[in-house]
Amino acid sequence: MNPSEWFSEISNELWPGQCFSLKVKKVLHEERSKYQDIKIVQSESHGVVLILDGIIQCTERDEFAYQEMISLLPLCCHPNPQRVLIVGGGDGGVAREVAKHPSVLEVHQVEIDERVVELSKQYLPFMACGFDSPKLKLTIGDGFEYMKQHEGAFDVIITDSSDPIGPAESLFRESYFELVKRALKPNGIICSQGGSFWLDAGHVRETLDYCRKHFPRVTYGLAAVPSYPTGQIGFFIASLNPETDFREPARKFEDKEIDQMGLRYYTTDIHRAAFTLPRFAEKALNP
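Quick notes on the rules
- In this numbering scheme, every chain counts its residues from 1 along its sequence in written order.
- Totals for whole chains, interfaces and linings use every residue, but because this is a predicted model, local features are given only for residues with pLDDT of at least 70 and side-chain atom pairs only at 80 or more, for both listing and counting.
- Where side-chain values are given, they derive from all heavy atoms of the structure, hydrogens and water being excluded.
- The helix and strand labels rest on DSSP assignments: H or I over at least four residues marks a helix, E over at least two residues marks a strand, and numbering proceeds from the N terminus.
- In this setup the radius of gyration rests on C-alpha atoms only. A globule is expected at 2.2 Å times the number of residues raised to 0.38.
- Accessible area is worked out with a 1.4 Å probe on protein chains only. A residue is then buried under 20% of its type maximum, exposed over 50%, and partly exposed in between.
- Residues count as neighbours in contact if any of their non-hydrogen atoms are within 4.5 Å of one another.
- The accessible surface values rely on the Shrake-Rupley method and a 1.4 Å probe; as for residues, cover is taken only from the protein chains in view.
- The positive count covers Lys and Arg only, the negative count covers Asp and Glu only, and His and the chain ends enter neither.
- To locate a charge, the coordinates of NZ of Lys, CZ of Arg, CG of Asp or CD of Glu are taken.
- As defined here, a cavity is a set of points on a 1 Å grid over the protein atoms alone where a 1.4 Å probe fits but cannot get out. A pocket is an open set with protein on both sides within 12 Å along at least five of seven lines, and residues line them when an atom is within 4 Å of a point.
- Grid points are joined across faces, edges and corners, and a volume is the space filled by probe spheres set on the points.
- In this classification, Asp, Glu, Lys and Arg are treated as charged, Ala, Val, Leu, Ile, Met, Phe, Trp, Tyr, Cys and Pro as nonpolar, and every other residue, Gly included, as polar.
- Residue ranges assigned to each domain were obtained from an automatic or database domain assignment.
- The term buried area denotes the loss of accessible surface (1.4 Å probe radius) that occurs when two parts are joined, taken as the sum for both partners.
- A carboxyl oxygen of Asp or Glu within 4 Å of a side-chain nitrogen of Lys or Arg is what we treat as a salt bridge.
- Polar contact is the term for a pair of N or O atoms within 3.5 Å; when the atoms are in protein, one must be able to donate a hydrogen and the other to accept it, and sequence-neighboring residues count only if both atoms are side-chain atoms.

## Digging into the overall build of the protein
Line of reasoning, step 1. Within the protein one finds 10 helices and 12 strands.
Line of reasoning, step 2. In terms of overall size, the protein behaves like a compact globule, its C-alpha atoms giving a radius of gyration of 18 Å where 287 residues would be expected to give roughly 19 Å.
Line of reasoning, step 3. Taken along its principal axes, the extent of the C-alpha atoms in the protein is 55 × 45 × 40 Å.
Line of reasoning, step 4. Burial statistics for the protein: of 287 residues in total, 53% are counted as buried.
Line of reasoning, step 5. Put simply, of all contacts in the protein between residues at least 6 apart along the chain, 67% involve residues at least 24 apart.
Line of reasoning, step 6. As displayed, the protein has an accessible area near 12,300 Å², and 48% of this comes from carbon and sulfur atoms.
Line of reasoning, step 7. In the protein, 31 side chains carry a positive charge and 41 a negative one; their mean positions are 3 Å apart.

## Considering the layout of surface pockets
Line of reasoning, step 1. Reported here for the second largest pocket is a volume of approximately 170 Å³.
Line of reasoning, step 2. Every residue along the wall of the second largest pocket is listed here: Arg-217, Val-218, Thr-219, Tyr-220, Asp-245, Phe-246, Arg-247, Phe-275, Leu-277, Glu-282 and Asn-286.
Line of reasoning, step 3. Looking at the lining of the second largest pocket, the element that brings in the most residues is strand 11 (residues 217-224), giving 4 residues.
Line of reasoning, step 4. Grouping the constituent residues of the lining of the second largest pocket by class yields 5 nonpolar, 2 polar and 4 charged.

## Describing the domain arrangement of the protein
Line of reasoning, step 1. Looking at the assigned domains, one finds that the protein contains domain 1 (6-59) and domain 2 (62-285).
Line of reasoning, step 2. On the side of domain 2, 24 residues touch domain 1, which itself brings 24 residues to the contact.
Line of reasoning, step 3. For the pair domain 1 and domain 2, the summed buried surface comes to about 2,100 Å²; carbon and sulfur atoms form 65% of the total.
Line of reasoning, step 4. For the pair domain 1 and domain 2, the interface holds 1 salt bridge.
Line of reasoning, step 5. Here Arg-115 ties to Glu-31 by a salt bridge, and the two come within 2.6 Å at their closest N and O atoms.
Line of reasoning, step 6. Along the contact surface separating domain 1 from domain 2 lie 7 residue pairs in polar contact (both at pLDDT 80 or more).
Line of reasoning, step 7. Only strand 2 (19-32), strand 3 (37-43), strand 4 (48-52) and strand 5 (55-59) provide two or more residues apiece to the side of domain 1 that touches domain 2.

What follows is the structure, given as structure tokens:
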């Protein structure tokens, strides 16, 4: 890739017939790690961009929308989320947001690719600052094995994965939801990256159905992230507590608290609105 070129996110498997492109000012880093291709570029309009296996993971311009929502939707649905596990999230963005929640005492994170962590610290310090929290304990390893060794340990488990191909494919199967259920404390809550119903509502519905086999309360929430395909991303959110009301957060932040935490996307009103789906999506995703 020459500095004057455009990066185009092309995937015939995930979003056939369309792509999102960014003009690149400079390629900051390229390598093949043990697990995936890693590219970090300085774009003309979206700041620094992290790309794994040819797919944009985050951009400096809009990453906060995704990080705040995947973190605070589940945390604010739980009445007292003291012990949290993050699976994936090697850029540090989710850790950054989880550590802000006043109730959270411990953040445990397991990321399989150490190079993503190291390169994020070098090129994405605005996200990798999440690793600096004294609440955080980072483990480099396999999330499946980690959870098998920590049954009944966490109030909230957040899975910050890439899309359902390659290394992350197994995170969208029924066996994964069975595993995360066992790693939760009673009344625990999970949240996972859930793709977009604009691209493949059938796959989203299939994954929701896998989740419904193991959790009494399951839903799908939305966030707007312009640099993701379709400009929207969804989240699978589930609770072991059948009384959980996802639309009404158990923890509500005042405007002053939101400003003190440095939140730029999440509010209590945004939380409520995240679970209001377009009619066609509501019919496609729910039994």
